[in-house]
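# Descriptive analysis of the structure
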Amino acid sequence: MKARKSFAWIAVMFAAILCTGFLAACDEDGKKGGASVGTSYTITCTDGDFYEVSLSHNSAPEGTVVTVAVETEPYVQVEAVTANGTACTAGSGGSYTFTMPAENVTVSVSVKGAPESLHADSGMGWIFAPSQISLAGSADYQEPLQDFRVTFGTDAVLNNTADGNMLQVKVFSTNENVIPAEALSGVRAENVSGAYAYAASFEVDLTKVKAGTATLVLIDEQNDRFISREVAVVPYGDVYKNAAWQVTVTADFSEVSEKYMGRGLRIFLGEENDTYVYGSVYANATQFSSFTADDLQNGEFSATFYYIPNTGVSCEEKSYTIRIAYEGSNDVHDSVYFPLSIVNGVSENGAVSFSENGGSVSVVVGDPE
């Protein structure tokens, strides 16, 4: 009997030990090994200015595949979707997925401006819209403003205004850290016929921008359409720096009378003012090089300039002209010009184009009439 009692007691004690071990591993909620079997963790996300986010689950247990759907405005695109900082897997139709970890999750979305969007079917498009603009510089001969111009094509917009700005056309930036709202003027009507405007313009105050990239979006609310332009803000003097060519203009003075050669001489390479961008690699729309007769080599003088080929800043190519002047004015408009004969790359009115970086053109200078 004692042996049986002893055996029974041992059995009870063994069972108690097993139970104690199990309870140590499982709490009252069924948690095992510190993780909850079937416990759901929360998933949170926030809509942005230009997108909305929806989730397949608001909470889910570890191991669940969660789908994130992102719907954006047409002028932005998704740059990244992350769950607690880890990139989600991109699917189709703006969907992304991640596998639920054993913790609460915050879903974050970042967007950037979409590639340039146009409504070409109605003729709406940029007349002038540089892809790079400058931080304000210290030069006092230019106002630190950059203008943009747009055409509405055949679908003109009713020119209702307040404080001179169109009420049915708005412009905004997708990145307020780079181009904030206060840097943008209202939209002003241009090419007005009766009550309707066929074009418009706005300005960016370059004293209020910061280096970086933003997309400018102009919306025509009347016709339910928009255009956009991705714009990089760069330091003063760096606009189109990487796109600029260095080119040479050579002028032959062998046919010029001696009486004109004792004066200060200048070669001007001028860009049309309405295509020049503030803060470009050259200081203003007109570049010039000064010299005297003593600087001629075999009757010729060569000057090197910056030249920016068409960069897509407008519907038309950037236009440059060569002028050669005497009487020493720095102002291309106040100078007296020599007539030029075509040698290579220059048309009769002085318009010039270069085909490559390091290219050159030549002109023969004649006596003023």
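Here, the structure is the one placed above.
Residues numbered from 1 in each chain as written. Predicted model: local features only at pLDDT ≥ 70, side-chain atom pairs only at ≥ 80, totals over all residues. Heavy atoms only, no water.

## Examining the overall build of the chain
For the chain, the count of helices and strands is one helix and 31 strands. Counting every position in the chain, which comprises 369 residues, the buried fraction comes to 40%. Considering only contacts in the chain between residues 6 or more positions apart, those separated by 24 or more positions represent 67%. (Helix = DSSP H or I, 4+ residues; strand = E, 2+ residues; numbered from the N terminus. Buried < 20%, exposed > 50% of the residue type's maximum accessible area, 1.4 Å probe, protein only. Contact = heavy atoms within 4.5 Å.)

## Brief notes about the packing of aromatic side chains
Summed over the entire model, instances satisfying the criterion amount to 15 aromatic pairs. With centroids separated by 5.9 Å and ring planes inclined at 10°, the aromatic side chains of Phe50 and Phe172 adopt a geometry described as stacked. Pair noted here: Phe50 is in the loop between β3 (40–45) and β4 (51–55) and Phe172 is in strand β18 (residues 169–173), with a separation of 122 residues, a long-range link. On the basis of relative accessibility, which here comes to 14%, the residue Phe50 falls in the buried class. Centre to centre, the rings of Phe268 and Phe288 are 5.8 Å apart; their planes meet at 50°, and the pair counts as tilted. Remark: Phe288 occurs in strand β25 (residues 286–291) and Phe268 occurs in strand β24 (residues 265–271); sequence separation between them is 20 residues. The class of Phe288 is partly exposed, set by a relative accessible area of 36%. Ring pairing ties together the aromatic residues Phe50, Tyr75, Phe172 and Phe226, which thus form one cluster. (Phe/Tyr/Trp six-rings, centres within 6.5 Å; stacked < 30°, edge-to-face > 60°.)

## Side note on the layout of surface pockets
Looking at the second largest pocket, its volume works out to about 220 Å³. In terms of lining residues, the second largest pocket is bounded by 14 residues, among which Phe50, Val111, Lys112, Thr174 and Asn175 are the most central. Looking at the lining of the second largest pocket residue by residue, the class counts come to four nonpolar, six polar and four charged. (1 Å grid on protein atoms, 1.4 Å probe; cavity = no way out; pocket = protein on both sides within 12 Å on 5 of 7 lines; lining within 4 Å. Points joined across faces, edges and corners; volume = space filled by probe spheres on them. Nonpolar A, V, L, I, M, F, W, Y, C, P; charged D, E, K, R; others polar.)

## Considering the sheet that holds strand β7 (residues 76–83)
Spatially, the five strands line up as an open sheet ordered β5-β3-β11-β7-β8, and their pairing is mixed. Since the sheet does not close on itself, it has two edges, and those belong to β5 (59–61) and β8 (86–87), each with one partner. In this structure, β3 lies alongside strand β11 (residues 105–113), joined through three bridges in parallel fashion. Bridging from a neighbouring strand, Cys45 pairs with Val107 of β11. (Pairing = 2+ DSSP bridges.)

## Some points on the pattern of salt bridges
Applying the stated criterion across every chain yields a total of seven salt bridges. The shortest N-O distance in the salt bridge between Lys241 and Asp238 comes to 3.8 Å. We classify Lys241 as partly exposed; its relative accessible area is 47%. Across the salt bridge formed by Glu271 and Lys318, the nearest N and O atoms sit 2.6 Å from each other. Residue Glu271 is located in strand β24, and its partner Lys318 is located in the loop between β26 (300–307) and β27 (320–326); the two are separated by 47 residues in the primary sequence. Judged on exposure class, the residue Glu271 and its partner Lys318 are both buried. In the salt-bridge network here, residues are joined through shared partners; they are Asp155, Asp220 and Arg225. (Salt bridge = Lys/Arg side-chain N within 4 Å of Asp/Glu carboxyl O.)

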